[in-house]
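The primary structure of each chain is shown beneath.
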Amino acid sequence: HGSRDYFRITLKENFFIELVPVKMFQNPKDSENITDLSYMHVKYINKKIKDKKILEDIKIAKAFCHSNECYGAESYIRGFSGYSLELLVYYYKSFINFIKAMSKIGKEKCIIDIEKKHKNKKNILMDLNSSKLNSPIILIDTTYKQRNALAALSPEVFEKFKKACREFIKNPSEKHFEIRKTDIERIKEKSGIEIEIFIHGALCISYSGQCLLSSLIGGRSGNRGYCAQPCRKKYRLYCGKKQIKTE
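Residues numbered from 1 in each chain as written. Predicted model: local features only at pLDDT ≥ 70, side-chain atom pairs only at ≥ 80, totals over all residues. Heavy atoms only, no water.

Student: Mind showing me how you'd approach the layout of surface pockets here?
Tutor: Empty pockets left among the atoms are what a rolling probe the size of a water molecule brings to light. The space that makes up the second largest pocket amounts to roughly 730 Å³. Elements supplying a minimum of two residues to the lining of the second largest pocket: α2 (52-67) and α6 (155-170). At five residues, α6 tops the list of elements feeding residues into the lining of the second largest pocket. Residue classes in the lining of the second largest pocket are distributed as eight nonpolar, six polar and seven charged. (1 Å grid on protein atoms, 1.4 Å probe; cavity = no way out; pocket = protein on both sides within 12 Å on 5 of 7 lines; lining within 4 Å. Points joined across faces, edges and corners; volume = space filled by probe spheres on them. Helix = DSSP H or I, 4+ residues; strand = E, 2+ residues; numbered from the N terminus. Nonpolar A, V, L, I, M, F, W, Y, C, P; charged D, E, K, R; others polar.)

Student: What is the right way to look at the packing of aromatic side chains in this model?
Tutor: Within the structure shown, the criterion is met by twelve aromatic pairs. Relative to Phe177, the ring of Phe64 has its centre 5.6 Å away and its plane inclined at 65°; by these criteria the two rings are edge-to-face. With Phe64 in helix α2 and Phe177 in the loop between α6 and α7 (184-191), the pair connects residues that are 113 residues apart, well separated along the chain. Ring geometry for Phe168 and Phe177: centres 5.8 Å apart, planes at 90°, overall edge-to-face. Relative accessible area serves as the criterion here: at 28%, Phe177 is assigned to the partly exposed category. Sitting over the ring of Phe16, Arg8 keeps its end group 3.9 Å from the ring centre. (Phe/Tyr/Trp six-rings, centres within 6.5 Å; stacked < 30°, edge-to-face > 60°. Buried < 20%, exposed > 50% of the residue type's maximum accessible area, 1.4 Å probe, protein only. Lys NZ or Arg CZ within 6 Å of the ring centre and 35° of its normal.)

Student: Please clarify how helix α1 (residues 34-48) should be interpreted in this entry.
Tutor: Side chains three or four residues apart in an α-helix point the same way, a direct result of the helix having 3.6 residues per turn. Taking 1.5 Å of rise per residue, the 15 residues of α1 would be expected to cover 21 Å, and the 21 Å separating its terminal C-alpha atoms lies within 8% of that figure. Along α1, the largest kink reaches about 25° and is centred on Met40. Among the residues of α1, those classed as buried are Thr35, Asp36, Leu37, His41, Tyr44 and Ile45. Each element contacted by the buried residues of α1 is listed here: α3 (82-92). (Expected span 1.5 Å × (residues − 1). Bend = angle between axes of the 7 residues up to and from the residue. Contact = heavy atoms within 4.5 Å.)

Student: What am I meant to see in the nonpolar core here?
Tutor: Most often, soluble globular proteins have nonpolar side chains that are buried together. In this structure, Phe80, Phe98, Met102, Ile137 and Phe161 are the most contacted members of the largest nonpolar core, which totals 36 residues. Listed by contribution, the elements that provide at least two residues to this core are α1, α2, α3, α4 (95-103), β3 (110-112), β4 (137-139) and α6. Filtering out sequence-adjacent residues up to four positions away, Phe161 remains in contact with Phe64, Cys65, Cys70, Phe80, Phe98 and Met102. Listed in part, the six residues of the second largest apolar core include Ile124, Leu133, Ile138 and Ile140. (Core = buried A, V, L, I, M, F, W, Y, C linked by side-chain atoms within 4.5 Å.)

Student: Explanation requested: α3 in the structure shown.
Tutor: Of all eleven residues making up α3, nine are buried, and the element is well covered by its neighbours. Within the span of α3, buried status applies to Gly82, Tyr83, Ser84, Leu85, Glu86, Leu87, Leu88, Val89 and Tyr92.

Student: Explain the side chain of Ser67 here, please?
Tutor: Considering the arrangement of structural elements, one finds Ser67 in helix α2. In terms of polar contacts, Ser67 uses its side chain to reach the backbone carbonyl oxygen of Phe64, at 2.9 Å. Apart from residues no more than four positions distant in its own chain, Ser67 is found in contact with His176, Phe177, Glu178, Ile179 and Arg180. (Polar contact = N/O pair within 3.5 Å; in protein donor to acceptor, adjacent residues only side chain to side chain.)

Student: I'm lost on the pattern of salt bridges in this one. Help?
Tutor: Pairs can form between side chains of opposite charge whenever their charged atoms are close. Taken as a whole and judged by the stated rule, the model has eight salt bridges. A salt bridge links Asp57 to Lys53; its shortest N-O distance comes to 3.0 Å. One end of the pair is Asp57 and the other is Lys53, both in helix α2 and four residues apart, which spans about a single turn. What makes Asp57 buried here is its relative accessible area of 5%. A salt bridge links Glu56 to Lys59; the nearest nitrogen and oxygen atoms lie 3.5 Å apart. Here Glu56 and its partner Lys59 are both found in helix α2, three residues apart, which amounts to about one turn of the helix. (Salt bridge = Lys/Arg side-chain N within 4 Å of Asp/Glu carboxyl O.)

Here it is in structure tokens:
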């Protein structure tokens, strides 16, 4: 809900609620941004999905994506949104069917229109804004036909997700749902060399002024804790073709 101001209410020390205001409307075309469509998404899911098995499988799909770092449509993740996973599990009728289908998708773009809001796939490619067609899967929003619910999904994240799906299918186990943590002590013991650890956050004072380069060059926002440390690289300054000495 980064596109809309919201309010946080703290109820307990470790528990809070975020309230996000949305616009009331009858026609999806009157929405100002994706946040406004959230209410219609909830209504659709509540109306269509009554099967408890599918509802449980949706939870499993979200946990699977989260543990494999593919959950979230944010710009620094570019994975599956919660709503897109609800639609996909509903469409494929189970978590297993969903990951099997995903693992088989090749280079050809996968197009899914659950409510048949378009006549055919060719019309989808012609009707949607070209900026919404870059994802490996085009999932037509069941409440608004001009929207691709998976527009944020990047090819790189999808390839990582497909690999995770194949590994789970080959050897199903709970470890695929565990969030893997980096064991720095173990790396230090096994490497046999001096290890330097850089912690972004409290120890970084953003002095260099090069913080924005992290998101511009590598798509890793320093403001979200994903800094690529561009301040540690060596740079040369040029005026035209002439190099300017900086030391």
